[in-house]
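# Structural overview
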Amino acid sequence: MVLFVVNESSGNGRGKKVWAKVEAQLHKRGIEYHTVVSSSQDEAVIRMEELLLTGKMKAVAVIGGDGTLHGLLPLLVASGIPCGLIPAGSGNDTSRALGIPRNPIRALDIILAGHTRRIDVLETTSEQYKSQITLTAVAVGLDGAVAADVNGSGYKRWCNKLGVGSLAYIIGLFRSLAVFKPQSITVTIDGVTHDFTRGWLSAISNVSTYGGGLKICPKALPDDNLLHTCIVHSCSVWRILLIFPTLLNGSHVKQPYVTILSGRSVRIDAPKPFVAFGDGEPSGHTPLIATIVPAQLDFLTEASG
Ligand SMILES: Nc1ncnc2c1ncn2[C@@H]1O[C@H](COP(=O)(O)OP(=O)(O)OP(=O)(O)O)[C@@H](O)[C@H]1O
């Protein structure tokens, strides 16, 4: 039986509408299911844990955004149960990376078909969070500041209402640029140290996009056993504004102000703490260590080939 974990508030209420469509479809097809409709992440984890202990759940389907899935990752990884997603968030970078359609019924069909792809996750350690699991990317620096600004903001609600959830990240960028101060950063990847002056951000990615479709690490794949980090450095605020549109097609990687490094483990240091957000949720501050943990999650996706 599939357990549906629903965050009705994801996408500023889209979760509720998506669940209504999915539930109607399940009834129509006469499919039995269990459900956890939660008002908080803690409640979802407790109730999901209880239901998994019964041994009757063959898969968990999350209805929500990247943040909803993020909160359930430790339990999903520990249980080894296949996991699916019916996207209902604002950014939806997990569904983008795994080719899961926005149409709830098509996403439901993928879950019911039962094909899985084994994917990696990122584990981060900071002073604030001893161990955290992220599926998409950890934004460190300017992009972390953007995530902090977007989270819970009034404009995010409006963007979602207008059906342009990704626009919230663009608004957040302009607001954050007005106050953000770049600084020297040190990125140590697999033991090799790289120093950057005027470091703006170091995005650590398991998938190619973040922030609602920005191709920050275009070559990253969720099952390549590697993490990829994109460092933007040595440039002015005006250059950042010019680089930003090139994130849409990933051509920023050709610029001298952008360095991509890949490996298994990375540590980011900065003289003053840079804020970090994983899957759009708080991950602490630098110094921060991220490690790729290969083949941790069986994700329900379209059959390949
Ligand atoms: N299982 C849950 N039930 C209820 N609320 C949750 C649950 N998990 C997380 N939340 C809260 O709901 C917020 C919004 O969820 P989520 O991040 O999935 O949606 P979003 O922000 O609209 O989309 P995205 O993360 O794709 O941009 C989270 O930041 C968190 O505070």
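Reading the values: rules and limits
Residues numbered from 1 in each chain as written. Predicted model: local features only at pLDDT ≥ 70, side-chain atom pairs only at ≥ 80, totals over all residues. Heavy atoms only, no water. UniProt positions renumbered as here; feature names shortened; annotations may be inferred. Helix = DSSP H or I, 4+ residues; strand = E, 2+ residues; numbered from the N terminus. Rg over C-alpha atoms; globule rule 2.2 N^0.38 Å. Buried < 20%, exposed > 50% of the residue type's maximum accessible area, 1.4 Å probe, protein only. Contact = heavy atoms within 4.5 Å. Areas by Shrake-Rupley, 256 points an atom, 1.4 Å probe, with all protein chains shown as cover. Lys, Arg positive; Asp, Glu negative; His and termini not counted. Charge placed at Lys NZ, Arg CZ, Asp CG, Glu CD. Polar contact = N/O pair within 3.5 Å; in protein donor to acceptor, adjacent residues only side chain to side chain. Phe/Tyr/Trp six-rings, centres within 6.5 Å; stacked < 30°, edge-to-face > 60°. Pairing = 2+ DSSP bridges. Axes fitted to C-alpha atoms, helices over the stretch in contact; angles between N-to-C directions.

- Naming follows an unreviewed UniProt entry, where the protein chain appears as Diacylglycerol kinase of Cohnella abietis.
- Taken from UniProt, the Sequence similarities (unreviewed entry) comment for the protein chain reads in full: "Belongs to the diacylglycerol/lipid kinase family."
- UniProt, in its Cofactor (unreviewed entry) section for the protein chain, records the words "Mg(2+)".

## Examining the overall build of the protein chain
- Broken down by element type, the protein chain carries nine helices and 16 strands.
- A compact globule built from 305 residues would reach a C-alpha radius of gyration of about 19 Å, and the protein chain, at 19 Å, matches this within 12%.
- Scored against the burial criterion, the 305 residues of the protein chain give a buried share of 53%.
- If you take every contact in the protein chain between residues at least 6 apart in sequence, the share linking residues at least 24 apart comes to 69%.
- Carbon and sulfur atoms form 55% of the exposed surface of the protein chain, whose accessible area is close to 13,200 Å².
- Seen as two clouds, the 28 positive and the 24 negative side-chain charges of the protein chain have centres 8 Å apart.

## Things to note about the side chain of threonine 229
- Of note, threonine 229 is situated in strand β11 (residues 227-232).
- Using a relative accessible area of 0% as the deciding quantity, one classes threonine 229 as buried.
- A polar side-chain atom of threonine 229 sits 3.2 Å from the main-chain carbonyl oxygen of alanine 203.
- With residues near it in sequence (within four places) discarded, threonine 229 still touches Val187, Ile189, Ser202, Ala203, Ile204, Cys217, Thr259, Ile260, Leu261 and Val266.

## Considering unusual backbone geometry
- Geometrically, the link from threonine 286 to proline 287 is a cis peptide bond, its omega value of 0° lying close to zero.
- Structurally, proline 287 can be placed in the loop between β15 (281-285) and β16 (288-300).
- Despite not being glycine, asparagine 225 shows a phi value in the positive range, around 60°.
- Tracing the chain through its elements places asparagine 225 in the loop between β10 (201-205) and β11.

## Notes on the packing of aromatic side chains
- For the structure shown, the criterion picks out five aromatic pairs.
- Measuring from centroid to centroid gives 6.0 Å for phenylalanine 4 and tyrosine 33, while their planes differ by 85°, and the two rings are edge-to-face. With phenylalanine 4 in strand β1 (residues 2-7) and tyrosine 33 in strand β2 (residues 33-38), this pair connects stretches of sequence that are 29 residues apart. By the burial criterion, phenylalanine 4 is buried, and tyrosine 33 matches it.
- Residues phenylalanine 180 and tryptophan 200 carry aromatic rings whose centres are separated by 5.9 Å and whose planes lie at 25° to one another, so their mutual orientation is stacked. Residue phenylalanine 180 is found in the loop between α8 (167-177) and β8 (183-189), and its partner tryptophan 200 is found in the loop between β9 (192-199) and β10; the two are separated by 20 residues along the sequence. Each member of the pair, phenylalanine 180 together with tryptophan 200, is buried.

## Concerning the sheet that holds strand β14 (residues 275-278)
- One open sheet holds the six strands; their spatial order is β12-β11-β10-β7-β14-β15, and the pairing between them is antiparallel. Where the open sheet ends on each side, the last strands, each with one partner, are β12 (258-263) and β15. Strand-to-strand twist across the sheet, computed as the mean angle between neighbouring axes with direction ignored, equals 20°.
- In this structure, β11 lies alongside β12, joined through six bridges in antiparallel fashion. Paired with isoleucine 231 across the two strands is threonine 259, which belongs to β12.
- Sitting on the sheet, helix α6 (residues 142-150) touches β7 (137-141), β10 and β14, and the angle it makes with β7 is about 105°.

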